[in-house]
Amino acid sequence: MSFPPQIKVPATYMRGGTSKGAFFRLQDLPEACQVPGEARDKLLLRVIGSPDPYEKQIDGLGNATSSTSKTVILAAPTQPDHDVDYLFGQVSIDKPFVDWSGNCGNLTAAVGAFAINSGFVAKERIPENGICTVRIWQANIKKTIVAHVPITNGKVQETGDFELDGVTFPAAEVKVEFMDPADGEGSMFPTGNLVDDLEVPGVGTLKATMINAGIPTIFVNAEDIGYKGSELQGDINSDPKALTMFETIRAHGAVKMGLITDIAEAANRQHTPKVAFVAKPVDYVSSSGKQINASDVDLLVRALSMGKLHHAMMGTAAVAIATASAIPGTLVNLAAGGGDRAEVTFGHPSGTLRVGAEAKKVNGQWTATKAIMSRSARIIMEGWVRVPQDSF
């Protein structure tokens, strides 16, 4: 009995911020996978090792967490004054599903370097030494992102002394600007309110800030759901009742935000919206054993991704945090002490992160012009990924 052989697909495995993923150039994908659809999704699922009922992704590149079950496709720019198109696919671990509904802010930090290394950035725009500004069109959310990538001797500089909580080793700093991060198709606050009463069956009526900036995010107060805001992954992810509660909050918030029409649809939209809880600062010990003092941060934030508490913070959720903190009266702003703020430092399970945002009121509506953060990125492996020929 004969079986089809494996094929080789050019790929690069990269870390960006606190995430990892498989990066591809669109033109390197098999022809059937160069357009959106079933073939592309099946290929990426097989690359990552999903769906896996064991939830280990042993037979693929995934590492069985939402932070590492990710794929990126870069293509020639479709928009003027941009260097590259960036498409992100969040691969489900246990289901045959790739979610294309949002961006990955962490992997964005690696997109600039991959674009330079893959020939998308014109050579005359790459300095011999200095910073290369890469203009990225984020195709999932149709937004511009600007990555500032360090260059040494004409090559991307990956090593350095910039430390990022949630990443073990230091690397070169990459500054990322998310331009006009709010949803351009509607209000940044889909309900029209900075704070809503969100009715969640089995949980109660919660105060919630629902914002669409960076990624649709639902913020609730930690104390309203029985937490302090200093919890680590094990405190949440080992508690099935807690995970069910958060998914219920997420589903009902998604309906209220207009992202879905029925809570049943949330199961097929795992990547968005995110749900997070905020609290005023308290002392705690991070997952690495680092002491975080209340005086070190402006507020505490914990966020869930793909149904589990994130080990640090999603980059897109950090954009939402930065934007919401800049708008007086949101739950994020109030947890940080209220008032006008251009930046905040927040505590997450792995440590702290400083983010900044610019927001203003135009014709009675809040809008965000920019959110800024620093990340790092590096190539882990490059070459080819192999998949069975009949897998897509």
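For the structure given in this document, a descriptive report is provided here. (Residues numbered from 1 in each chain as written. Predicted model: local features only at pLDDT ≥ 70, side-chain atom pairs only at ≥ 80, totals over all residues. Heavy atoms only, no water.)

### What to know about the overall build of the protein chain
Short version of the rule: The helix and strand labels rest on DSSP assignments: H or I over at least four residues marks a helix, E over at least two residues marks a strand, and numbering proceeds from the N terminus. Only C-alpha atoms enter the radius of gyration, while the globule expectation follows 2.2 Å times N to the 0.38, with N the number of residues. The classification of residues rests on relative accessible area computed with a 1.4 Å probe and restricted to protein chains. Under 20% of the type maximum is buried, over 50% is exposed, and intermediate values are partly exposed.
Counting its regular elements, the protein chain contains 6 helices and 21 strands. A compact globule built from 392 residues should have a C-alpha radius of gyration of about 21 Å, and the protein chain, at 20 Å, falls within 12% of that. Principal-axis analysis of the C-alpha atoms gives the protein chain an extent of 60 × 55 × 45 Å. Each of the 392 residues in the protein chain was classed as buried or not, and the buried ones make up 53%.

### Details of helix α4 (residues 240–256)
To keep it simple, the criterion reads: Helix span, expected: 1.5 Å multiplied by one less than the number of residues in the helix. Definition of a polar contact: a pair of N or O atoms within 3.5 Å, with one able to donate and the other able to accept a hydrogen when the atoms are protein atoms, and with sequence-neighbouring residues admitted only if both atoms are side-chain atoms.
Between its terminal C-alpha atoms α4 stretches 24 Å, which fits the 24 Å expected from 17 residues at 1.5 Å a residue. Considered for burial, the residues of α4 that qualify are Ala-242, Leu-243, Met-245, Phe-246, Ile-249, Arg-250, Ala-251, His-252, Gly-253 and Ala-254. For α4, the N-terminal capping position is held by Asp-239, with its side-chain oxygen 3.1 Å away from the main-chain nitrogen of Lys-241. In the stretch just after α4, Gly-258 is the one whose phi turns positive, near 80°.

### Considering unusual backbone geometry
Note: most residues except glycine have negative phi, and most peptide bonds are trans. In this structure, the amide linkage connecting Ser-50 to the following residue, Pro-51, adopts the cis form with an omega of -5°. Looking at the secondary structure, you find Pro-51 in the loop between α1 (38–48) and β3 (70–75). Going from Thr-272 to Pro-273, the amide bond is cis rather than trans, its omega being -5°.

### Considering the packing of aromatic side chains
Using the following cut-off: Pairing of aromatic rings covers Phe, Tyr and the six-membered ring of Trp, with a centre-to-centre limit of 6.5 Å; geometry is then stacked below 30 degrees between planes, edge-to-face above 60, and tilted otherwise.
Counted under the stated rule, the structure contains 4 aromatic pairs. With a centroid separation of 6.0 Å and 15° between ring planes, the pair formed by Tyr-227 and Phe-246 is classed as stacked. On the criterion of sequence distance, the pair formed by Tyr-227 in the loop between β12 (215–221) and α3 (233–237) and Phe-246 in helix α4 is long-range, its members being 19 residues apart. Since its relative accessible area comes to 17%, Tyr-227 is described here as buried. When the centroid spacing of 5.5 Å and the interplanar angle of 20° are considered together, the rings of Phe-246 and Phe-277 count as stacked. Here Phe-246, found in helix α4, pairs with Phe-277, found in strand β13 (residues 274–279); they are 31 residues apart in sequence, far enough to count as distant. Of the two residues, Phe-246 and Phe-277, both sit in the buried class. Members of the aromatic cluster, connected to one another through ring pairs, are Tyr-227, Phe-246 and Phe-277.

### Digging into the pattern of salt bridges
Rule in force here: Basic side-chain nitrogens of Lys or Arg form a salt bridge, by our definition, when they fall within 4 Å of a carboxyl oxygen of Asp or Glu.
Throughout the structure, instances matching the rule amount to 12 salt bridges. The salt bridge involving Asp-83 is made with Arg-125; its shortest N-O contact spans 2.7 Å. Of this pair, Asp-83 sits in the loop between β3 and β4 (84–91) while Arg-125 sits in the loop between α2 (105–117) and β6 (130–138), and the two are 42 residues apart along the sequence. For Asp-83, a relative accessible area of 5% corresponds to the buried category. Overall, Arg-125 belongs to the partly exposed group, its relative accessible area being 27%. For the salt bridge of Asp-197 with Lys-207, the shortest nitrogen-to-oxygen distance reads 2.8 Å. Here the residue Asp-197 occupies a position in strand β10 (residues 196–200), and Lys-207 occupies one in strand β11 (residues 204–213), the gap between them amounting to 10 residues. Classification of Lys-207 by relative accessible area gives partly exposed; the value is 40%.

### Description of the environment of Gly-17
Rules: Residues count as neighbours in contact if any of their non-hydrogen atoms are within 4.5 Å of one another.
With respect to the helices, strands and loops of the structure, Gly-17 is situated in the loop between β1 (6–16) and β2 (19–25). Contacts of Gly-17, omitting those with residues within four sequence positions, involve Asn-106, Ala-109, Leu-164, Val-167, Arg-375 and Ser-376.

### A closer look at the pairing of β6
Spelled out, the test is: Pairing between two strands requires that DSSP report at least two bridges joining them.
As paired strands, β4 and β6 are joined by 3 bridges and run parallel to one another. Residue pairing for β6: Tyr-86 is matched across the bridge by Gln-138. Sheet analysis places β6 next to strand β7 (residues 143–152), joined by 9 bridges and oriented antiparallel. Looking across to β7, one finds that Cys-132 is bridged to Val-149. Counting the residues in the hairpin turn of β6 and β7 gives 4 residues, including Lys-142, whose phi is positive at 55°.

### A few points about the pairing of strand β19 (residues 351–362)
Looking at chain direction, strand β18 (residues 343–348) and β19 are connected through 6 bridges and run antiparallel. Pairing of Gly-347 across the sheet is with Thr-352, part of β19. Taking the residues that link successive antiparallel strands as the turn, the β18-β19 hairpin has 2 residues. As paired elements, β19 and strand β20 (residues 365–375) share 7 bridges and run antiparallel to each other. Each residue of the ladder has a partner; that of Ala-357, found in β20, is Ala-371.

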